[in-house]
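An overview of the molecular structure
Next come the chains, spelled out residue by residue.
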Amino acid sequence: MGEYISVIVDLPVKQVNKEFTYHVPEEWQDSVHLGRKVIVPFGNQKKDGYVIAKKDKAEVETKDILEVADDIVYFNQELLQVAQWMAEYYQCYLITAIKAVIPSGDLKIKTKRVVELAQSKSATKQKINELKNRAPKQAEVLRYLVDHKADLITTELANKVDTSSGTIRRLADRGLVIYEKKEVKRDPYQNLDFDESNNLDLTSEQEQALNSIMEAVNNNQSQTFLLKGVTGSGKTEVYLQAIDQVLEQGQGAIVLVPEISLTPQTITRFKGRFQEQVAVLHSQLSSGERFDEWRRIKNGEAKIVIGARSAIFAPLSDLGLIIIDEEHETTYKQDDHPKYHAREVAIYRAGLKQAATVLGTATPSLEAYYRTQNEDYQLLELHNRIDDRPMPEVEVVDMREELNRGNRTMFSELLQEEITTRLEEEEQAIVFLNRRGFSTFVQCRKCGYVMRCEDCDVSLTYHSNPPLLHCHYCDHKEKVPDNCPECGSKYIKYFGVGTQKVEEQLNELFPEANIKRMDVDTTRKKGAYRRILSDFKEHKIDILVGTQMVAKGHDFPNVTLVGVVTADTALNFPDFRSSERTFQLLTQVAGRTGRGDKGGEVVVQSYTPEHYSIQLAKEHDYKSFYEQEIASREATSYPPFSKLINFLVSAEDEDKVIKNAHKLGELVRGKIEILENNEIQVLGPVQAPLSKLQGKFRWQLIIKGQELDLLREISDYAVTELRDMSISENVKVSVDVDPLRML
DNA sequence: CGGTATTTTGGG
DNA sequence: CCAAAATACCGA
């Protein structure tokens, strides 16, 4: 068996998106199998390829493979199936899906040279006596090696016995010691200490949830659970104890968390409970570190994987449980191809292995909660916070009234009062605003001209330190002009509020308070993020101002106030999910307070306080929010009542983009007509909400329908046809199945 | 993608 | 009519 192999060639092109058969010369037939990387002749070039099957005979004339690329087994049957599923579901080439599944970057095993005794200890002891007088240093080195089970590199050993590497070299020449290459694993957390922790007592709700999950695990059912628990209700403890039991059965678990929650705090919690059985995978690791963690998982040293989105592809051999924390987070959707959603991949993979999946969140995505209603998922609820702490009191302030009463600042009277009280009581506050920078746009008061990014067509944000205009989409920076580029007037004014301005104004209002800002700008440096959080925890900071970053997952018992400067920012996005986003964000931010025994309060400022996502977030009423929102989705037949595919057409030439977008629309509509389907809707083509990004113009087209298979057929047809047309050269058409953000 | 075979174009 | 340039095709 196995003279021939099926290979997927590393060339992301439609015509090459299929299996190619190669012959394997005798000498490699044992080592070349599924998941190996080979170098093959392709056309008149050499290409990398991945083996996806072995076969006895070839239906076509074959060539020999040229080489075996390395000795890494990149994937097994299970992960290949995951890749194949992704390629089909998300409409990408198999090679693209495979490359998302396997580790990338510099895959080198790191070694160090260690010195070992060449002979037995007793033989060496004799030599020590012989050498003692003639070469005392050499004798000392040998003595050290006899006494210690040393695993030292040459220079370290030399230092230990206070000599130079020459001494050791001489010993090697005499054949008394040997150098050996020894593999080392790069451990990103080797300098951190983890206090061991044990299982905590569970509340009866936690107990029930755990039991349900374990029942599925024990029966090898690929059940998906939605663990809906308010912030601070102890979801993590349920995860930990479920994993504990999964381990006892000899199985492994994957825990996905949003990148932003992958803080030392989270890792400590898991490492504290399971020590070196935990592998961590995230984007901050070097490719070498990631590769070593990947290998620890693959060879069974680590049975628990905690990581961001792509950790769903961890090569665990016996997967029993997948946990997706903060299930509603949009970071679980990959931005580039394959544009997969980790939740969907997880459920597919769990299905292959009869593993259970737990989706944890305080604010389920509409899709997930909907699936509990038709009993696709099983709902597990934690209604109470640990120690029965009450939910924080939320006050919504109508900023229009504030203005009517003559308050022209960005802080309502209530928020100012509350902050004052906190400072007096020596408690802490978080002030949240979903925009960084100082002012969100810069405008000429005479002609109304707004400063925009030349490459992205979005307004530039003014940052005060240093005073520059930033584009938040392409990172372009420029100086603030003295005169309006349009009319030449010098009446340039800054509008809109960003975190820098909030920080500045708070400093003016509360000069005695220690105020810090946490956003992308202040956490760019390595370790800055952790420092700010630990300073805040130790109360070296009274008020923490920040973006999204302050909203996620942290636990600060002394924070008794959260202020939301404007709740409307997300609400005004042109996206059918804007209400959902707003509700989730407000609930998450509110959850940062009232985690200690002093209770907590939230002040939400808004210009549309009557909006249901704000009102129901105030009431902590997810159920009502869900009912209202799901009704609106049903009325407009948006997901979960339909499926969407979004096409993004982009190019540097605006005319071309428009022409192609319209052509795409024609092709799509034509195909729908041929299919005689009157249910599928075509939205667009229209200019994309971000109409120009990094120098490329963008148009989009959405198709909406019940049957994803039909939508894919249409998409496949239209994209293929368009690509074959000469008008589409230098034009990119990107297909997004189940798009999350329509920007 | 990158080469090679095939077709188109336009200058003299 | 020819050769350069644009285009189509193919890979095991």
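This write-up is about the structure you can find in this document.

Criteria and thresholds
Residues numbered from 1 in each chain as written. Chains lettered and ligands numbered in written order. Predicted model: local features only at pLDDT ≥ 70, side-chain atom pairs only at ≥ 80, totals over all residues. Heavy atoms only, no water. Helix = DSSP H or I, 4+ residues; strand = E, 2+ residues; numbered from the N terminus. Polar contact = N/O pair within 3.5 Å; in protein donor to acceptor, adjacent residues only side chain to side chain. Contact = heavy atoms within 4.5 Å. Axes fitted to C-alpha atoms, helices over the stretch in contact; angles between N-to-C directions. Parallel < 35°, antiparallel > 145°, perpendicular 65-115°, else oblique. Nonpolar A, V, L, I, M, F, W, Y, C, P; charged D, E, K, R; others polar. Phe/Tyr/Trp six-rings, centres within 6.5 Å; stacked < 30°, edge-to-face > 60°. Lys NZ or Arg CZ within 6 Å of the ring centre and 35° of its normal. Expected span 1.5 Å × (residues − 1). Buried < 20%, exposed > 50% of the residue type's maximum accessible area, 1.4 Å probe, protein only.

**Focus on the side chain of Q428**
One can find Q428 in strand β16 (residues 428–432). Polar side-chain contacts of Q428 include one of 2.6 Å to the backbone oxygen of F536. At a separation of 2.9 Å, a polar atom in the side chain of Q428 contacts the main-chain carbonyl oxygen of I541. Contact partners of Q428, with chain neighbours within four places excluded, come to F536, H539, I541, D542, N558, V559, T560 and L561.

**Thoughts on the packing of helix α12 (residues 366–373) against helix α19 (residues 622–636)**
With their axes 11 Å apart at the nearest point, α12 and α19 run at an angle of 95° to one another. Classified by the angle between their axes, α12 and α19 sit roughly perpendicular to one another. In contact with L366, Y369, Y370 and Q373 of α12, α19 contributes Y622, K623, F625, Y626, E629, I630 and R633. Here the contact of α12 with α19 is built from residues that sort into seven nonpolar, one polar and three charged.

**Looking at the packing of aromatic side chains**
With the rule as written, the count across this model stands at 21 aromatic pairs. Residues Y50 and F75 carry aromatic rings whose centres are separated by 6.3 Å and whose planes lie at 45° to one another, so their mutual orientation is tilted. Here the residue Y50 occupies a position in strand β4 (residues 45–55), and F75 occupies one in the loop between β5 (67–73) and α1 (77–89), the gap between them amounting to 25 residues. Pairwise contacts between aromatic rings join Y369, F583, Y612, Y622, F625 and Y626 into one cluster. Over the face of the ring belonging to Y179 we find R113, whose NZ or CZ atom lies 4.6 Å from the ring centre. A cation sits over an aromatic face here: R712 above Y89, 5.2 Å from the ring centre.

**Some details on helix α17 (residues 578–590)**
Compared with the 18 Å implied by 1.5 Å per residue over 13 residues, the 18 Å span of α17 between its first and last C-alpha is a close match. Counting buried positions over the 13 residues of α17 gives twelve, a clear majority of the element. Every buried residue of α17 is listed here: S578, S579, E580, T582, F583, Q584, L585, L586, T587, Q588, V589 and A590.

The analysis is restricted to geometry; functional conclusions fall outside its scope.
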